[in-house]
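# Fold and geometry: a report
In case you want the letters, here they are:
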There are 2 protein chains.
Amino acid sequence: MQMGEGVEWGLHCCVTLGWLADEGPVPIRRLAQWFDLPQEYLKKRLQALTRAGLLASTPGVKGGFSLARAPRDITLMDVVTALEGPVEPFPCTEIRRRGVSGEGAGREFDRPCGIAAAMRRAELAWRRELAARTVADLMDHSPGSAERTRRGYRRLVG
Amino acid sequence: MQMGEGVEWGLHCCVTLGWLADEGPVPIRRLAQWFDLPQEYLKKRLQALTRAGLLASTPGVKGGFSLARAPRDITLMDVVTALEGPVEPFPCTEIRRRGVSGEGAGREFDRPCGIAAAMRRAELAWRRELAARTVADLMDHSPGSAERTRRGYRRLVG
């Protein structure tokens with residue numbers, strides 16, 4: 001059970017775009033250069049974040065990506081869902097209804113399966129944590145990186 | 001991000017073996033028949049649970065699988081880890097150290113990455129839930145199924 005590498009890329013790009021909000025849209029090639037990532041793969045991830053309404057994509061020579069909302073309005077859950085799709089860590093196929101197990105169950109299975117419910121509870125605990133934390137929290141975590149990022153970016157494009 | 005189907009199989013088998021504790025070891029073909037599952041695939045899962053010390057495998061004509069510990073001493077986390085390996089939902093590759101991002105960072109990256117830490121916190125919330133719930137809890141959740149399982153099994157082997 002593992003997320004794709006795109007989640008790490010997407011989260012770092014959101015935080016970096018938050019720090020660079022005053023610099024205007026950031027071209028994809030600058031972001032790829034920033035983290036030394038393959039540009040075409042990164043583009044697909046950023047397009048997914050754009051489709052989800054988390055990033056804005058500005059076309060043209062001066063175009064690029066920027067956050068589409070305030071950093072405090074983008075949760076980690078938003079980013080994970082945009083990149084991984086509707087995550088369902090425990091796929092329940094109701095095997096309890098199959099074979100001998102399902103015979104003569106009557107209305108017993110009207111009640112949700114205790115196993116699926118327990119796994120779902122754990123998933124919800126995970127979701128709650130991710131939904132409680134935003135890109136703004138991540139930005140605030142590293143004030144030193146914020147300043148260094150802005151300086152580094154101005155040097156890069158200037 | 002999704003677990004394999006083996007987790008559902010493994011959890012249901014543990015609960016069923018808990019209910020059938022007084023019937024002696026349950027042959028793999030009975031368990032496969034129970035949930036209408038492919039026997040060879042199921043066997044691999046049960047062998048993984050056995051290697052992890054959660055099930056006991058008794059050889060011979062009257063052999064089969066049984067719980068190796070009391071149901072209250074087998075957590076859902078134990079079962080998931082046995083079947084999925086050491087789960088690390090968020091693979092962090094420290095892209096912050098790469099490219100322009102990593103240049104001139106000095107001791108900045110001595111501090112753990114805020115993104116990795118936030119993702120890890122969510123993972124720990126998930127782990128805590130799974131570690132707090134045991135096969136005994138799952139058995140207790142469905143007393144009706146327990147009784148029906150014992151009756152059905154006796155009919156099957158009798």
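Residues numbered from 1 in each chain as written. Chains lettered and ligands numbered in written order. Predicted model: local features only at pLDDT ≥ 70, side-chain atom pairs only at ≥ 80, totals over all residues. Heavy atoms only, no water.

## Thoughts on the overall build of chain A
Looking only at helices and strands, chain A features eight helices and two strands. The globule rule puts the C-alpha radius of gyration for 158 residues at 15 Å, and the 21 Å found for chain A is more than 25% above it. Dimensions of chain A, computed from the C-alpha atoms along their principal axes, are close to 75 × 30 × 25 Å. Looking at chain A residue by residue over its 158 residues, the buried ones come to 47%. A separation threshold of at least 6 residues defines the contact pool for chain A, and within that pool the share at least 24 residues apart is 68%. Total accessible area computed for chain A in this model is approximately 7500 Å², and 49% of it derives from carbon and sulfur atoms. Across chain A, the centroid of the 24 positively charged side chains sits 4 Å from that of the 19 negatively charged ones. (Helix = DSSP H or I, 4+ residues; strand = E, 2+ residues; numbered from the N terminus. Rg over C-alpha atoms; globule rule 2.2 N^0.38 Å. Buried < 20%, exposed > 50% of the residue type's maximum accessible area, 1.4 Å probe, protein only. Contact = heavy atoms within 4.5 Å. Areas by Shrake-Rupley, 256 points an atom, 1.4 Å probe, with all protein chains shown as cover. Lys, Arg positive; Asp, Glu negative; His and termini not counted. Charge placed at Lys NZ, Arg CZ, Asp CG, Glu CD.)

## Here's the deal with helix H8 (residues 143-157) of chain B
An α-helical turn contains 3.6 residues, so a residue and the one three or four places further along point in the same direction. Compared with an ideal rise of 1.5 Å per residue, which puts 15 residues at 21 Å, H8(B) spans 22 Å between its outermost C-alpha atoms and is within 8% of the ideal. If you check which residues of H8(B) are buried, you get Ser145(B), Ala146(B), Arg148(B), Thr149(B), Gly152(B) and Tyr153(B). Against helix H5 (99-102) of chain A together with helix H1 (6-19) and helix H2 (28-35) of chain B lie the buried residues of H8(B). (Expected span 1.5 Å × (residues − 1).)

## Side note on unusual backbone geometry
Positioned with a positive phi, Glu94(A) is a non-glycine residue whose angle comes to about 55°. Following the sequence through the fold, Glu94(A) ends up in the loop between helix H4 (76-84) and H5.

## Here we look at the pattern of salt bridges
Residue and element names in this part refer to chain B. With the rule as written, the count across this model stands at 20 salt bridges over all chains. Between glutamate 23 and arginine 154 there is a salt bridge, with the nearest N and O atoms lying 2.8 Å from each other. In this pair, glutamate 23 is assigned in the loop between H1 and H2 and arginine 154 in helix H8, connecting sequence segments 131 residues apart. Here aspartate 110 ties to arginine 107 by a salt bridge, and the two come within 2.7 Å at their closest N and O atoms. (Salt bridge = Lys/Arg side-chain N within 4 Å of Asp/Glu carboxyl O.)

## Details of the interface of chain B and chain A
Contacts between chain B and chain A engage 59 residues on the former and 59 residues on the latter. Scanning the region where chain B abuts chain A turns up two salt bridges. For the salt bridge of Glu108(A) with Arg148(B), the shortest nitrogen-to-oxygen distance reads 2.6 Å. Across the chain B-chain A interface, the total number found is 30 residue pairs in polar contact (both at pLDDT 80 or more). Where the side of chain B that touches chain A is concerned, the elements lending two or more residues are H1, H2, helix H4 (76-84), helix H5 (99-102), helix H6 (114-131), helix H7 (135-141) and H8 of chain B. Among the elements that make up the side of chain B that touches chain A, the one with the highest residue count is H6(B) (eleven residues). The residue inventory of the side of chain B that touches chain A, partitioned by class, reads 31 nonpolar, 13 polar and 15 charged. (Polar contact = N/O pair within 3.5 Å; in protein donor to acceptor, adjacent residues only side chain to side chain. Nonpolar A, V, L, I, M, F, W, Y, C, P; charged D, E, K, R; others polar.)

## Structural notes on the side chain of His12(B)
Relative to the helices and strands, His12(B) is located in helix H1. Its relative accessible area of 8% is what places His12(B) among the buried residues. Among all residues touching His12(B), those that are not within four sequence positions of it are Ile95(A), Arg96(A), Cys113(A), Ile115(A) and Phe35(B).

## A word on the state of the cysteines
One pass over the structure, following the stated rule, counts zero disulfides over all chains. Unpaired in terms of disulfides, Cys92(A) finds its nearest cysteine sulfur in Cys113(A), a separation of 5.7 Å. Accessibility expressed as a relative area gives 29% for Cys92(A), which makes it partly exposed. We note that Cys13(B) lacks a disulfide partner, and the nearest cysteine sulfur, in Cys14(B), lies 7.3 Å from it. (Disulfide = S-S within 2.5 Å.)

## Concerning the packing of helix H1 (residues 6-19) of chain A against H4(A)
Residues and elements named next belong to chain A. At a minimum axis distance of 10 Å, the contact between H1 and H4 shows a crossing angle of 135°. Taken together, the axes of H1 and H4 lie oblique to each other. In this structure, H1 meets H4 at a crossing whose hand is right-handed. Where H1 approaches H4, its residues Gly6, Val7, Gly10, Leu11 and Cys14 are matched on the opposing element by Leu76, Val79, Val80, Leu83 and Glu84. Here the residues of the contact of H1 with H4 are counted per class, giving seven nonpolar, two polar and one charged. (Axes fitted to C-alpha atoms, helices over the stretch in contact; angles between N-to-C directions. Parallel < 35°, antiparallel > 145°, perpendicular 65-115°, else oblique. Left-handed = near helix turned anticlockwise from the far one by under 90°.)

## Overview of the confidence of the model for chain A
One rule of thumb: low pLDDT means the predicted coordinates there are not for detailed reading. Residue and element names in this part refer to chain A. Taken residue by residue, chain A gives an average pLDDT of 94. The fraction at 70 or more is 100%. The lowest-confidence element of chain A is H5, averaging 89 in pLDDT; the highest-confidence one is strand S2 (residues 64-67), averaging 98. The ipTM assigned to the predicted complex is 0.92, against a pTM of 0.91. (pLDDT = per-residue confidence, 0-100.)

## Description of the environment of Cys92(B)
Structurally, Cys92(B) can be placed in the loop between H4 and H5. Along the backbone, Cys92(B) and Cys113(B) are 21 residues apart, and their C-alpha atoms lie at a distance of 9.4 Å. Beyond its immediate sequence surroundings of up to four residues, Cys92(B) is in contact with Glu8(A) and Ala116(B).

## Brief notes about the relation of the copies chain B and chain A
Once chain B is rotated about the relating axis by 180° and shifted along it by 0.0 Å, it coincides with chain A to within an RMSD of 0.0 Å. Viewed as a symmetry operation, the transformation between the two copies matches a two-fold axis. Counting the interface residues of chain B, we find that 100% of their copies in chain A are interface residues as well, pointing to one common contact surface. (Least-squares fit on C-alpha atoms with pLDDT ≥ 70 in both.)

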